[in-house]
Amino acid sequence: MITQTAPSTPHASAPSSSSPVKQRRRRKPSLYRTLSRVLIMLIVIVQVYPLAWLFLTSLRTEHDFATGDPFALPSSLTWENYARAFETGDLGRNILNSFIVTMGANILIVLFGMMAAYALQVLGFRLSRFVRALFMVGIIVPVQIALVPLFIDYSAVNLLDTYQSMIIPLAGFALPMSIYLFSSFFEYIPRETYEAASLDGAGPYRIFGLITLPLSLNTVVTVVLVNSIFIWNDFIFANTFVLSEDLKTIPLGLQNYIGAMGKVDWTATFAAVCVTITPLLLVFLVLNKAMIQGLESGATKG
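Parameters at a glance
Within each chain, residue numbers correspond to sequence positions counted from 1 in written order. Residues qualify for local features only when their pLDDT is at least 70, as the model is predicted, and side-chain atom pairs are given and counted only at 80 or more; totals for whole chains, interfaces and linings, by contrast, use all residues. To get the side-chain values, all heavy atoms of the structure are used, and hydrogens and water are removed first. Axis lines are fitted to C-alpha atoms, over the contacting stretch for helices. Their N-to-C directions set the angle, which ranges from 0 to 180 degrees. Strands are runs of DSSP state E lasting at least 2 residues, helices are runs of H or I lasting at least 4, and numbering of each runs from the N terminus. Angular relationships are summarised with four words: roughly parallel below 35 degrees, roughly antiparallel beyond 145, roughly perpendicular across 65 to 115, and oblique for the angles in between. Between two residues, a contact is recorded if the distance between any of their heavy atoms is within 4.5 Å. Gly is put with the polar residues, along with every residue not named as nonpolar or charged; the nonpolar set is Ala, Val, Leu, Ile, Met, Phe, Trp, Tyr, Cys and Pro, and the charged set is Asp, Glu, Lys and Arg. To form a nonpolar core, buried Ala, Val, Leu, Ile, Met, Phe, Trp, Tyr and Cys residues must be joined to one another through side-chain atoms within 4.5 Å. Partly exposed residues are those whose accessible area sits between 20% and 50% of the maximum for their type, while under 20% is buried and over 50% is exposed, using a 1.4 Å probe and protein chains only. Left-handed is the label given to a crossing in which the near helix is rotated counterclockwise from the far helix by less than a right angle, and right-handed is the label when the rotation is clockwise. Salt bridge, as applied in this entry: a Lys or Arg side-chain nitrogen positioned within 4 Å of an Asp or Glu carboxyl oxygen. Multiplying one less than the number of residues by 1.5 Å gives the expected span of a helix. Residues enter a patch when their relative accessible area is above 30% and they make no salt bridge; the linking distance is 9 Å between like charges and 5 Å between nonpolar side chains (Val, Leu, Ile, Met, Phe, Trp, Tyr). Each accessible area is a Shrake-Rupley result for a 1.4 Å probe, and residues are judged covered by the shown protein chains and nothing else. Here a polar contact means two N or O atoms within 3.5 Å. Within protein one must be a hydrogen donor candidate and the other an acceptor candidate, and residues neighboring in sequence count only if both atoms are side-chain atoms. Looking at any residue, its pLDDT shows the predictor's confidence there, from 0 to 100.

### So, the packing of helix H4 (residues 91–123) against helix H9 (residues 204–215)
Each pair of packed helices can be summarised by the angle the axes make with each other and by the distance between the axes. The geometry of H4 relative to H9 is characterised by a closest axis approach of 12 Å and an angle of 105° between their N-to-C directions. It follows that H4 is roughly perpendicular to H9 by the angle criterion. Mapping the contact onto sequence places Met114, Met115, Tyr118 and Leu123 in H4 and Pro204, Ile207, Phe208, Thr212 and Leu213 in H9. Here the contact of H4 with H9 is built from residues that sort into 8 nonpolar, 1 polar and no charged.

Structure below.
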């Protein structure tokens, strides 16, 4: 009797002991997914609400915005604010100037940042780590300390009130972070790839153009995306080095909506802001998709 009842007890108690564990395992993923969805929804609301409020406010009448609740839904919609925004300031010229400065600075940042990272990380030399450390120190240098020396130098070489006076410092202060991003990516490119190209007779310039550059497209997109946001919204360099109305960028052009005695046409200003951020949002969406596609393909894939 003892030998018959002893084996039966584990079989009888096993389902009761394992079922709570299975239920706990099923509850944890569902709770994790629920919390993740709630957190994502909160982040989306925080990010989308200012844009939605800005667009709705740009469609409100001037009387409705001045007398009503600024955060309430508009009682009536009008497109006259956009027409008044273009009449008050030279918005088209401001957008063109910001586009020229952004493109020019990004070209210099990508070109010099990738070449410097290639020399430091791939080619290497005796003091490469020391030189890289010097570049990294540039990340913590504030831009304000360079305004007066740059203004004096620009005035001496007649570079004031030019596109170059904005493009050069914007590219220079963005180079340390760009070099860091490119160097971090070059570490993951297998050394065998460069060795195979060298055995085939490829030199450093050919390896850079045929191997490093195509594999770095995802990093190029990331660098351009990050820097475009700051360059497009730059105010300090444009306000210091631009003296004429023809070269004013968007941040400077928005000052034209401040009238006499500090009176601000808020609805026209919001309409102008909507117009100016639209190209940046479109570029962000396009580059964001390209960045995701680039990250999915790597040097060792396949």
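Now that the structure has been shown, the text picks up again.
### Focus on the nonpolar core
The biggest cluster of nonpolar side chains holds 41 residues, and the ones touching the most others in it are Val110, Met114, Phe182, Phe186 and Ile207. Of all the elements in the fold, those that place two or more residues in this core are H4, helix H6 (147–156), helix H7 (163–186), helix H8 (191–199), H9, helix H10 (217–232) and helix H11 (236–241). In terms of residues, this core owes the most to one element, H4, which gives 10 residues. Sequence-distant contacts of Met114, that is, excluding residues within four places in its chain, are made with Ile109, Phe182, Phe186, Phe208, Leu213, Ser216 and Val220. Judged by nonpolar contacts, the second largest core, of 18 residues, contains Leu54, Ala85, Ile95 and Leu280.

### Some thoughts on the packing of H8 against H9
Direction vectors running N to C along H8 and H9 enclose 140°, while the axes themselves pass 11 Å from each other. Looking at the two axes, H8 sits oblique to H9. Once H8 is placed against H9, the crossing between them reads as right-handed. Of the residues in H9, those touching H8 at Thr193, Tyr194, Ala197 and Ser198 are Ile207, Ile211 and Thr212.

### Quick look at the pattern of salt bridges
Opposite charge on two side chains permits pairing when their charged atoms draw close. According to the stated counting rule, one finds 1 salt bridge in the structure shown. Here Glu245 and Lys248 are joined by a salt bridge, their closest N and O atoms 3.0 Å apart.

### A look at the environment of Ser165
Relative to the helices and strands, Ser165 is located in helix H7. Contact partners of Ser165, with chain neighbours within four places excluded, come to Tyr154, Leu159 and Phe241.

### A closer look at H10
When the terminal C-alpha atoms of H10 are compared, their 22 Å separation across 16 residues agrees well with the 22 Å that a helix rising 1.5 Å per residue should span. Every buried residue of H10 is accounted for by Asn218, Thr219, Val220, Val221, Val223, Val224, Leu225, Asn227, Ser228, Ile231 and Trp232.

### Notes on a nonpolar patch on the surface
Taken together, the side chains of Val137, Ile139, Ile140, Val141, Ile145, Met177 and Tyr180 make up a nonpolar region of the molecular surface, amounting to roughly 660 Å² of accessible area. Secondary-structure assignment places Val141 in the loop between helix H5 (128–137) and H6.

### Digging into the side chain of Asn81
Positionally, Asn81 belongs in helix H3 (residues 80–88). The class of Asn81 is buried, set by a relative accessible area of 2%. Here the side chain of Asn81 touches Arg84 through a polar contact of 3.0 Å, side chain to side chain. Setting aside residues no more than four positions away along its own chain, Asn81 makes contact with Thr57, Ser58, Leu59, Arg60, Thr267, Ala268 and Ala271.

### Digging into the confidence of the model for the protein chain
The pLDDT averaged across the protein chain works out to 81; a share of 84% of its residues lies at or above 70. Note on residues 1–14: pLDDT is under 50 here. Beyond four places in sequence and across chains, it has 0 contacts.

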